[in-house]
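Overview (structure and organization)
As a plain string of letters, each chain reads:
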Amino acid sequence: MNISKDCVVQLHYSLFDEQDNLIESTKSGDALAYLHGHNNMIPGFEKALEGKAAGEHVSITLPPEQAYGARRADAIQRVPVKHLSGAKVWKKGMTAVVHTEQGPRQVTVEKVGRFMVDVDTNHPLAGKTIRFEVDIQDIRAATAEELAHGHAHGVGGHQH
Ligand code: ZN
């Protein structure tokens, strides 16, 4: 079976930035499971895996426009310090979570005032070329329930 729409793909991946720093990896835990063809992963990632088989290793390099987008200069926002969660004392460069109307959002602290903090709402990987090293473990047809939910269930997928 090769990866195509409506497959559940189980894989291990390591994600690196342009300087070859490891950003994250599934290697120390469960493999990730996702439903292919339903925009659960970034588009360039799913496109590169299309047609691949279990056991294959795939190296995927994605420019910003196929990954987390360009950095936006207007993405700095001033928010009350009490709206940040994740730490008690804030310093430039720390990552925080801000609860917005669109849900929780990861931001980077730019400038700390007494009551207000300037945060950069760009994704931490915005403007960066990133590389995934992927090992495909298993491919199976999605169940009717998974298709109805639009995501994979079980180990590495949604647990509910
Ligand atoms: Zn579900």
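Residues numbered from 1 in each chain as written. Predicted model: local features only at pLDDT ≥ 70, side-chain atom pairs only at ≥ 80, totals over all residues. Heavy atoms only, no water.

Looking at the sheet that holds strand 9 (residues 116-120)
Spatially, the 5 strands line up as an open sheet ordered 5-9-8-7-6, and their pairing is antiparallel. Either end of the sheet is taken by a strand with one partner, and the two such strands are strand 5 (76-80) and strand 6 (84-85). Where strand 7 (residues 95-100) and strand 8 (residues 103-112) come together, 6 bridges link them in antiparallel fashion. Looking at strand 8, one finds that Thr 100 is bridged to Gly 103. (Pairing = 2+ DSSP bridges. Helix = DSSP H or I, 4+ residues; strand = E, 2+ residues; numbered from the N terminus.)

Here we look at unusual backbone geometry
At Asp 20, a position not held by glycine, the phi torsion is positive, near 70°. Position of Asp 20 among the secondary structure elements: in the loop between strand 1 (7-16) and strand 2 (22-25). Although it is not a glycine, Asn 39 adopts a positive phi angle of roughly 55°. By secondary structure assignment, the location of Asn 39 is in the loop between strand 3 (32-35) and helix 1 (43-49).

Some words on the packing of aromatic side chains
Scanning the model with the defined rule gives 3 aromatic pairs in all. For the ring pair Tyr 34 and Phe 45, a centre distance of 6.2 Å and an interplane angle of 65° mean the geometry is edge-to-face. One end of the pair, Tyr 34, is in strand 3; the other, Phe 45, is in helix 1, and 11 residues separate them in sequence. By relative accessible area, which is 0% here, Phe 45 ends up buried. Among the aromatic residues, those joined into a ring-pair cluster are Tyr 13, Tyr 34, Phe 45 and Phe 132. (Phe/Tyr/Trp six-rings, centres within 6.5 Å; stacked < 30°, edge-to-face > 60°. Buried < 20%, exposed > 50% of the residue type's maximum accessible area, 1.4 Å probe, protein only.)

Thoughts on the nonpolar core
In terms of nonpolar packing, the biggest core is built from 21 residues, with Phe 45, Leu 49, Phe 132 and Val 134 touching the most fellow members. Mapped by element, the contributors of at least two residues to this core are strand 1, helix 1, strand 4 (57-62) and strand 10 (130-141). Setting aside its immediate chain neighbours within four residues, Phe 45 contacts Leu 11, Tyr 34, Ile 60, Leu 62, Phe 132 and Val 134. One finds Val 79, Leu 84, Val 98 and Val 109 within the second-largest nonpolar core, a separate group that totals 9 residues. (Core = buried A, V, L, I, M, F, W, Y, C linked by side-chain atoms within 4.5 Å. Contact = heavy atoms within 4.5 Å.)

Function cannot be inferred from these measures alone, as they are strictly geometric.
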